[in-house]
Amino acid sequence: MNVCIKPYNEQYFSVNFPTKFNEKVLNAVRAVPNRKWNNEQKLWLIPNNQVSKNTLLENLYKTGEFNFYNAESTRNQNNQKSNFVNLPKENPELQKLKDALLVRHYSPRTIGSYEKWVKSYLSIYGESLSQNAQKQINEFLTNLAIKNHVSAPTQNQALAALLFYFRNVKHEDAENLSEVIHAKHKKRVPVVLTKEEIKAIISRLDGSKRLAAELLYGTGMRLNEVLALRILDLDFDRNEITVRYGKGGKDRRVMLPKSLIPKLKAHIAEVKAIHEKDLADGWGKVQLRDGMTKRSSETAKEFRWQWLFPQKNRWINEKTGEQGRHHIDESILQKAVKKAVRDAGIVKNASCHTFRHSFATHLLENGYDLRTVQELLGHSDVRTTMIYTHVLNRGAKEVQSPLDGILDGDSAEF
């Protein structure tokens, strides 16, 4: 299997696969923070910085699928030597960090972020970790802010990763780390769309992208939560959707918009037909959740465990010949929504996450209380929800989705 990595522009370099790739390879690219998918050129775009380069190469290396070389050197016929990329050996400290995170059931995304920051820190101080960890951490965070111009949330994420590393891997006295610098997070008013704007955006989407966008607004779920839904997470009898492994690893329930029930049932029938075709071809397994990988292979083939939004084409493992499907990538829906926003002539800086802000705001406008909205959004602290303002208390049961008020039971005209 080959991977082609080339310069793209000043901000990004491109990654594409001239031959077929499998899910492990795809996930290796997806694990790089801030990567983008260019659907027109069929390229992955990776931020052009050393951290992203190292992260990508290490992720690909860990798949065991590649021999690494410089493509430019192969064009010179007089150059008989392959210019292999020298990948750093796995740092035992990073493995200890990963083990500590896994045993505490941190999400894969958090594990990847923490590994990135600790690795960056160790690349500077790894050979001379002093007893004064506080001083080194402050110096590291100051450089992030002054030289790299990172945002306050990014700086605090780096701090959280380093504090976890020192407290749970190095077993430093927590008191010695109590005075490290915390970046002040600037409060921003969330972008909120009007109901007319939401209708204009969704009407410019089609197929599964439209249905996913309707769920984003109709339930207030995050983008990754919608795309990670499985068939069994939808309960039509109770009009509920179970969000599993949400932010912080927490489960919660949200309403199932009644106006989407016919469309969802039709969509599930299409997904079932795809799954039956996969089974007929000898495949049909899906990746199970953490803690379920030891179950029988037949469990992974059950329809109830299939993704609600499966990817269009099956991935193929060239070594084993195994095939399967993951859910569609976040970048596909992100790009479709951005295009719909532009086509609708909306000048607000709207994205997939804006549907969540709009959901919360419209519920409050409709008279639902703050605690109800907090529960539906999955916020641990009500102060996070307070940005959407206070309204009268009404209780948490039988909440009607704001999407139902727009559709009025007739989604065909939406």
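Above this text is the structure in question.
Since the model is a prediction, treat every value here as computed from it, not as a measurement.

Peer 1: Can you explain the overall build of the protein? Please cite residues and give values.
Peer 2: Along the backbone of the protein there are 16 helices and nine strands. Looking at the protein as a whole, 45% of its 414 residues are labelled buried. By sequence separation, contacts in the protein at least 24 residues apart represent 60% of the contacts at least 6 residues apart. Surface accessibility of the protein: about 23,100 Å² in total, with carbon and sulfur atoms responsible for 48%.

Peer 1: Any chance you could break down the packing of aromatic side chains for me, citing the residues and the numbers?
Peer 2: Inspection of the entire model under this criterion finds seven aromatic pairs. Ring geometry for Tyr106 versus Tyr114: centroids 6.0 Å apart, planes at 50°, classification tilted. Members of the aromatic cluster, connected to one another through ring pairs, are Tyr121, Phe140, Tyr165 and Phe166. Sitting over the face of the ring of Trp307, Arg230 holds its NZ or CZ atom 4.0 Å from the ring centroid. One Lys or Arg, Lys265, reaches over the ring of Phe236 and ends 5.3 Å from the middle of that ring.

Peer 1: How would you sum up the packing of helix H8 (residues 195–202) against helix H9 (residues 207–219)? Please name residues and give values.
Peer 2: Close contact between H8 and H9 brings their axes to 10 Å; oriented N to C, the two are set at 160°. Put simply, H8 runs roughly antiparallel to H9. Regarding H8 and H9, the two cross each other, and that crossing is right-handed. Between H8 and H9, the contacting residues are Lys195, Ile198 and Ile202 on the first element and Arg210, Ala213, Glu214 and Tyr217 on the second. Of the residues belonging to the contact of H8 with H9, the class tally is four nonpolar, no polar and three charged.

Peer 1: How would you explain the side chain of Arg222 if you had to name every residue and give the values?
Peer 2: By the element assignment, Arg222 lies in the loop between H9 and helix H10 (223–227). Engagement of the side chain of Arg222 in a polar contact is seen with the side chain of Glu225, the distance being 2.7 Å. Setting aside residues no more than four positions away along its own chain, Arg222 makes contact with Leu216, Lys247, Arg252, His353, Arg356, Leu377 and His379.

Peer 1: So what's going on with the nonpolar core? Residues and values would help.
Peer 2: Counting 55 residues, the largest nonpolar core has Leu215, Leu234, Ile241, Leu264, Leu308, Phe309 and Phe355 as the members making the most contacts within it. The residues contacting Phe355, other than those within four sequence positions of it, are Ile198, Ile201, Ile202, Ala213, Leu216, Tyr217 and Val337. With 25 residues, the next largest nonpolar core counts Leu97, Ala158, Leu163 and Phe166 among its residues.

Peer 1: An account of unusual backbone geometry is needed here, citing residue identities and associated values.
Peer 2: Even without glycine at this site, Asn34 takes up a positive phi of about 65°. Judged by relative accessible area, Asn34 falls into the exposed class, the value being 62%. Look at Asn239: it is not a glycine, yet its phi comes out positive at around 55°. You can call Asn239 partly exposed: its relative accessible area is 23%.

Peer 1: Lay out the sheet that holds strand S6 (residues 240–243) in plain terms, naming residues and giving numbers.
Peer 2: Overall, antiparallel pairing links the three strands, which are arranged S5-S6-S7 in an open sheet. Pairing within the sheet leaves two strands with one partner each, and these edge strands are strand S5 (234–235) and strand S7 (252–255). Relative to S6, S5 is paired through two bridges, and the arrangement is antiparallel. Looking at S6, one finds that Leu234 is bridged to Ile241.

Peer 1: With reference to specific residues and values, describe the sheet that holds strand S3 (residues 36–38).
Peer 2: Taken together, four strands build an open sheet; the order of strands is S1-S2-S4-S3 and the sheet is antiparallel. Of all strands in the sheet, those with a lone pairing partner are strand S1 (4–7) and S3, marking the two edges. For this sheet, the mean inter-axis angle between neighbouring strands, taken without regard to orientation, is 30°. As paired elements, S1 and strand S2 (residues 12–16) share four bridges and run antiparallel to each other. Residue pairing in the sheet places Cys4 in a bridge with Asn16 of S2.

Peer 1: Can you break down the environment of Leu279 residue by residue, with the values?
Peer 2: Relative to the helices and strands, Leu279 is located in helix H11 (residues 261–280). Along the chain, Leu279 and Glu302 lie 23 residues apart, while their C-alpha atoms are 9.9 Å from each other. Once residues lying within four places of it in the same chain are set aside, the contact partners of Leu279 are Gly284 and Lys301.

Peer 1: I'd like a description of the packing of helix H1 (residues 23–30) against helix H2 (residues 50–63), backed by residues and values.
Peer 2: For the pair H1 and H2, the least separation of the axes is 8 Å and the interaxial angle reads 160°. Here H1 is positioned roughly antiparallel relative to H2, judged by the angle of their axes. In terms of crossing hand, the pair formed by H1 and H2 is right-handed. Contact residues: H1 offers Lys24, Val25, Ala28 and Val29, while H2 offers Leu56, Asn59, Leu60 and Thr63.

Peer 1: Describe the pairing of S2, with residues and values.
Peer 2: Extensive coverage of S2 is indicated by the burial of four of its five residues. Two successive antiparallel strands, S1 and S2, enclose a turn made up of four residues. Here S2 pairs with strand S4 (residues 43–47) via four bridges, running antiparallel. Note on S4: the bridge partner recorded for Val15 is Trp44.

Definitions and limits used
- Residues numbered from 1 in each chain as written.
- Predicted model: local features only at pLDDT ≥ 70, side-chain atom pairs only at ≥ 80, totals over all residues.
- Heavy atoms only, no water.
- Helix = DSSP H or I, 4+ residues; strand = E, 2+ residues; numbered from the N terminus.
- Buried < 20%, exposed > 50% of the residue type's maximum accessible area, 1.4 Å probe, protein only.
- Contact = heavy atoms within 4.5 Å.
- Areas by Shrake-Rupley, 256 points an atom, 1.4 Å probe, with all protein chains shown as cover.
- Phe/Tyr/Trp six-rings, centres within 6.5 Å; stacked < 30°, edge-to-face > 60°.
- Lys NZ or Arg CZ within 6 Å of the ring centre and 35° of its normal.
- Axes fitted to C-alpha atoms, helices over the stretch in contact; angles between N-to-C directions.
- Parallel < 35°, antiparallel > 145°, perpendicular 65-115°, else oblique.
- Left-handed = near helix turned anticlockwise from the far one by under 90°.
- Nonpolar A, V, L, I, M, F, W, Y, C, P; charged D, E, K, R; others polar.
- Polar contact = N/O pair within 3.5 Å; in protein donor to acceptor, adjacent residues only side chain to side chain.
- Core = buried A, V, L, I, M, F, W, Y, C linked by side-chain atoms within 4.5 Å.
- Pairing = 2+ DSSP bridges.

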